[in-house]
Amino acid sequence: MAKPRRYTILDVFADRPLAGNPLAVVLDADGLDDAAMQAIAREFNLSETVFVLPAADTRHRAAMRIFTPARELPFAGHPTVGTAVLLALLDRAKGASAEAFGLEQKIGIVPCVSEPKGERLGRARFRLPRLPKIWGEGVSVDNAARALGLTPAEIGFGRHLPSRHSAGVAFDLVPVASLDTIGRARPTAAFMETFGDSDHPAAYVYTAETVEAGSRFHARMFAHGVAIFEDPATGSAAAAFAGALMQFEALGDGTHDIIIEQGYEMGRPSLIALQLVIEQGALAFAEIGGDAVIVAEGTLYA
């Protein structure tokens, strides 16, 4: 028999409603099987839906499962930030004040820190549970250009060339010359031929030209599910992008704070904070953070 289950909609990587990346979080997910979770994710039809469950280990705040409308993901960035903010806001409303906690995901335990900034707004950051690794040779400049409707001369800048990295979810990373170039990028019929040999075919396109003065990179993310679509803010891609920065940027030891802007072409401006800590020339750890704001709450019956 269907029972009432609370849900919340948040906009993540934004400090105001109707920006950033929307996320659905189902808070009372006990008793839902995989098929039901997948059906609910299709019903919301957002890029990801989170189902919050009791943690297997009581030292952790909660367990969470992440579904797109088509499949389950082992890890994703904007669901982690949004869920961490929501749980911190709920805890504060109950008089609790813990800001640091672990969230159990398929990829493992994700350490989070979350700070409420108002009744419906908060900020969270999490440490990557898996550091980025190269998962294959980057596609050729010619193939990347053909797949995105650009010319080969518009692919790459500085030392950056197409690469492939994964921090739990695999991405093709494609640097382009300018904001004008990235604004004209469009997936073509060659998209799947070029990027289709991973479990989650996706191209994260980026440039060093930015809209905001405080940003370091401007990005767009195209993925292929039922149809090719664009994502307004992709934390798991930013996690993989840390690998490209280690590969192509001359980053010295120390802490590097990098703001990535995304979603501007969609009218959903998003700001993702990526922090890299490098020790003895190697990436020691990385964190992703950002704001999230509650935009709607309700009850579903399932």
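Residues numbered from 1 in each chain as written. Predicted model: local features only at pLDDT ≥ 70, side-chain atom pairs only at ≥ 80, totals over all residues. Heavy atoms only, no water.

Chemist: Before we go on, may I ask you to explain helix 1 (residues 34-44) in this structure?
Modeler: In an α-helix, one turn spans 3.6 residues, which is why side chains three or four residues apart end up on the same side. For helix 1, every residue scored as buried is listed here: M37, Q38, I40 and A41. Down the axis of helix 1, the buried side of the element spans an arc of 160°, and every buried residue falls inside it. Residues of helix 1 that are exposed and point more than 90 degrees away from the buried face comprise A35 and E43. Tucked inside the fold, the buried residues of helix 1 contact strand 2 (21-26), strand 3 (49-53), strand 4 (62-67), strand 5 (72-73) and strand 17 (282-301). Following helix 1 by one or two positions, N45 has its phi on the positive side, about 60°. (Buried < 20%, exposed > 50% of the residue type's maximum accessible area, 1.4 Å probe, protein only. Helix = DSSP H or I, 4+ residues; strand = E, 2+ residues; numbered from the N terminus. Arc of directions from axis to C-beta. Contact = heavy atoms within 4.5 Å.)

Chemist: Would you mind going over the pattern of salt bridges with me for this structure?
Modeler: Side-chain pairing between opposite charges can occur once the charged atoms of the two side chains come close. Applying the stated rule across the entire model yields 19 salt bridges. Here D291 and K117 are joined by a salt bridge, their closest N and O atoms 3.2 Å apart. Of the two residues, D291 sits in strand 17 while K117 sits in the loop between strand 7 (108-116) and strand 8 (121-127), which places them 174 residues apart along the sequence. Overall, the relative accessible area of 46% leaves K117 in the partly exposed class. Two residues, E249 and R216, come together in a salt bridge whose shortest N-O distance is 3.3 Å. Pair noted here: E249 is in the loop between helix 6 (235-248) and strand 15 (254-262) and R216 is in the loop between strand 12 (202-207) and strand 13 (217-224), with a separation of 33 residues, a long-range link. (Salt bridge = Lys/Arg side-chain N within 4 Å of Asp/Glu carboxyl O.)

Chemist: Help me understand the environment of E265 in this model?
Modeler: Following the sequence through the fold, E265 ends up in the loop between strand 15 and strand 16 (270-279). Residues E265 and T8, 257 residues apart in the sequence, show an inter-C-alpha distance of 26 Å. Those residues in contact with E265, other than ones at most four positions away along the chain, are I182, G183, H218, R220 and E230. Of note is the side chain of E265, whose polar atom sits 2.7 Å from the side chain of H218. (Polar contact = N/O pair within 3.5 Å; in protein donor to acceptor, adjacent residues only side chain to side chain.)

Chemist: Help me out: how do you make sense of the packing of aromatic side chains in this one?
Modeler: Each aromatic ring pair is specified by the distance between its two centres and by the angle formed by the two planes. Taken as a whole and assessed by the stated rule, the structure comprises nine aromatic pairs. For the pair F51 and F67, a centre-to-centre distance of 5.7 Å together with 90° between the ring planes defines the contact as edge-to-face. Of this pair, F51 sits in strand 3 while F67 sits in strand 4; the two residues are 16 residues apart in sequence, bridging distant segments of the chain. You'll find F51 and F67 in the same group, each marked buried. Note on F157 and Y206: the rings are 5.8 Å apart at their centroids and 85° apart in plane angle, and the pair reads as edge-to-face. Of this pair, F157 sits in the loop between helix 3 (141-148) and strand 10 (163-166) while Y206 sits in strand 12; the two residues are 49 residues apart in sequence, bridging distant segments of the chain. Assessed through its relative accessible area of 17%, F157 is described here as buried. Among the aromatic residues, those joined into a cluster by ring pairs are F157, Y204, Y206, F217 and F241. (Phe/Tyr/Trp six-rings, centres within 6.5 Å; stacked < 30°, edge-to-face > 60°.)

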